[in-house]
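# Examination of the molecular architecture
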Amino acid sequence: TANGSPVLANRRQAMSAEQFLAVCRRLDPPDLSRAEVLRIFKRAEASAADARSSTGLHGFLTREAFVEAIASVAIEAYSKPPFCDEYPEAHDKIHALLSTRLPSKTRHTNDRFLYGRGW
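Okay, so let's go over this structure. A quick note: this is a predicted structure, and the numbers were derived from the prediction, not measured.

Procedures and definitions
- Residues numbered from 1 in each chain as written.
- Predicted model: local features only at pLDDT ≥ 70, side-chain atom pairs only at ≥ 80, totals over all residues.
- Heavy atoms only, no water.
- Core = buried A, V, L, I, M, F, W, Y, C linked by side-chain atoms within 4.5 Å.
- Buried < 20%, exposed > 50% of the residue type's maximum accessible area, 1.4 Å probe, protein only.
- Helix = DSSP H or I, 4+ residues; strand = E, 2+ residues; numbered from the N terminus.
- Contact = heavy atoms within 4.5 Å.
- Phe/Tyr/Trp six-rings, centres within 6.5 Å; stacked < 30°, edge-to-face > 60°.

### Things to note about the nonpolar core
- Ranked by internal contacts, the top residues of the largest apolar core, which has 22 residues, are Phe20, Leu61, Val73 and Leu97.
- Of all the secondary structure elements, the ones that give two or more residues to this core are α1 (17-27), α2 (34-51), α3 (63-77) and α5 (90-101).
- Per-element accounting of this core gives the leading share, six residues, to α3.
- Every residue in contact with leucine 97, bar those within four places of it in the chain, is listed here: Leu27, Pro29, Ile70, Val73, Ala74, Tyr78 and Leu102.

### With respect to the packing of aromatic side chains
- A complete count under the given rule lists five aromatic pairs for this structure.
- Geometrically, the ring pair formed by phenylalanine 20 and phenylalanine 66 is edge-to-face, given 6.2 Å between the ring centres and 85 degrees between the ring planes. Highlighted residues: phenylalanine 20 in helix α1 and phenylalanine 66 in helix α3, separated in sequence by 46 residues.
- Assessed through its relative accessible area of 0%, phenylalanine 20 is described here as buried.
- With a relative accessible area of 26%, phenylalanine 66 lands in the partly exposed category.
- Ring geometry for tyrosine 78 and tyrosine 87: centres 5.4 Å apart, planes at 90 degrees, overall edge-to-face.
- Note on tyrosine 87: relative accessible area 18%, which makes it buried.

Take a look at the structure:
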C-alpha cells in the first residue's frame, strides 16, 4: 500500500473508470451517456470480481472485463433507434461499433492515439 491505498502489482494490465470513459469518448458510440458508460463499467467490474478471488482490482477492469465492457457498450448503443432495426443481433451491434468507429488505417490510428490528430 502507498499512503493507505492499495497499489496494483501490474497497473498496465488494468483500466480505471476514467480511462474507460476516455476510450468511449474516442469511440464515440451513438447516443450513449456518461452515466450509461459508467454503469457498463461497473457491471463489467462486478462480473470480473465474481469470476476471480480477491485480487485488489476494485475500481479497475482486467483485459477480459474490458472486452466484455466494450461489447456491452456496442450492444447498448446499437440497441437504440435507429440502429436497433439495422443491427438486430448482438454480434451485429459489436461489429457495427468496431467497424464504423475504429480507424481503418494503421497510420491514422497511430496519429490519433499518439498525437490527438484526426478529430
